[in-house]
Amino acid sequence: MPADMELQVVASLLRRGRSLDQLSTGLTLVGVLFGLAQLLMASISPICLLLSLWMIILGLLQKYWALRVAFDADLFALLARDIERTADLDQALQTLGLQSPKRAGRPWTERRRGALKLLRKQAWLLGAQALLTLAVILASPWLPFAG
């Protein structure tokens, strides 16, 4: 596969991180609402508050990775149009303090692997957040089978 096409495919994959981010934002808001709902209850459930807090923390961590993934998606799309400007990209990243000089000149396969690893981290955080959402729902005191 030509390098420019490979970079374009990676950019397209990385743009899917936006969908993960949107779902995570929704789950983070659910965590906030569950936490606030506890304050309206006659008795506060510490486990629900703790689970809600972790939903929010995971949502914020996921947001960080989503920003990194979106940044990489833009860079891969830009370089797919003109891969000869890799040295310019490295210089710009170093000037902005976003890359150490020893990481300059890395092959694109290594860069691709790193970018996709960020996307996987984002997906894992979303999965953990979804499991916590389920745990909050199951631990909720207003459900008849909750303890």
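Residues numbered from 1 in each chain as written. Predicted model: local features only at pLDDT ≥ 70, side-chain atom pairs only at ≥ 80, totals over all residues. Heavy atoms only, no water.

### Quick notes on the overall build of the protein
For the protein, the count of helices and strands is 5 helices and 0 strands. When its helices and strands are written in sequence order, the protein yields α-α-α-α-α. Seen through its principal axes, the protein has C-alpha atoms that stretch 65 × 30 × 20 Å. For the protein, buried positions account for 35% of its 147 residues. Sequence separation of 24 or more characterises 75% of the internal contacts of the protein that already satisfy a separation of 6 or more. On the protein, roughly 9,100 Å² of surface is accessible, and the fraction owed to carbon and sulfur atoms is 68%. Computing the positive centroid from 16 side-chain charges and the negative centroid from 10, the protein places the two 8 Å apart. (Helix = DSSP H or I, 4+ residues; strand = E, 2+ residues; numbered from the N terminus. Buried < 20%, exposed > 50% of the residue type's maximum accessible area, 1.4 Å probe, protein only. Contact = heavy atoms within 4.5 Å. Areas by Shrake-Rupley, 256 points an atom, 1.4 Å probe, with all protein chains shown as cover. Lys, Arg positive; Asp, Glu negative; His and termini not counted. Charge placed at Lys NZ, Arg CZ, Asp CG, Glu CD.)

### Structural notes on the nonpolar core
Membership of the largest hydrophobic core comes to 26 residues, with the highest contact counts inside it found for Leu7, Leu14, Phe76, Leu89 and Trp108. Counting only elements with at least two residues in this core, the list comes to helix H1 (3-15), helix H3 (46-81), helix H4 (86-95) and helix H5 (108-139). The element best represented in this core is H3, accounting for 11 residues. (Core = buried A, V, L, I, M, F, W, Y, C linked by side-chain atoms within 4.5 Å.)

### Topic: the side chain of Ser52
Checked against the element boundaries, Ser52 lands in helix H3. Once residues lying within four places of it in the same chain are set aside, the contact partners of Ser52 are Gly31, Phe34, Gly35 and Val136.

### Concerning helix H2 (residues 17-40)
Compared with an ideal rise of 1.5 Å per residue, which puts 24 residues at 34 Å, H2 spans 35 Å between its outermost C-alpha atoms and is within 8% of the ideal. Here H2 has its buried residues at Gly17, Asp21, Ser24, Leu27, Thr28, Gly31, Phe34, Gly35 and Gln38. On its buried side, H2 packs onto H1, H3 and H5. (Expected span 1.5 Å × (residues − 1).)

### Concerning the pattern of salt bridges
This structure, assessed with the given rule, holds 4 salt bridges. A salt bridge links Lys63 to Asp21; the nearest nitrogen and oxygen atoms lie 3.1 Å apart. Highlighted residues: Lys63 in helix H3 and Asp21 in helix H2, separated in sequence by 42 residues. Take Asp21: its relative accessible area is 15%, and that puts it in the buried class. The salt bridge partner of Asp90 is Arg111, with a shortest N-O separation of 2.8 Å. Placement of the pair is Asp90 in helix H4 and Arg111 in helix H5, with a sequence separation of 21 residues. An identical accessibility class is assigned to Asp90 and Arg111; each is buried. (Salt bridge = Lys/Arg side-chain N within 4 Å of Asp/Glu carboxyl O.)

### Quick word on the packing of aromatic side chains
Between two aromatic rings, the relevant description is the distance of the centres plus the angle of the planes. Within this structure, the stated rule accounts for 2 aromatic pairs. Ring geometry for Tyr64 and Trp65: centres 5.1 Å apart, planes at 70 degrees, overall edge-to-face. Taken together, a centroid distance of 5.3 Å and an interplanar angle of 75 degrees make the contact between Phe76 and Trp108 edge-to-face. Taken together, the positions of Phe76 in helix H3 and Trp108 in helix H5 put the pair 32 residues apart, joining distant regions of the chain. For the pair shown, Phe76 and Trp108 are each scored as buried. Against the face of Trp108 rests Arg111, its NZ or CZ located 4.9 Å from the ring centre. (Phe/Tyr/Trp six-rings, centres within 6.5 Å; stacked < 30°, edge-to-face > 60°. Lys NZ or Arg CZ within 6 Å of the ring centre and 35° of its normal.)

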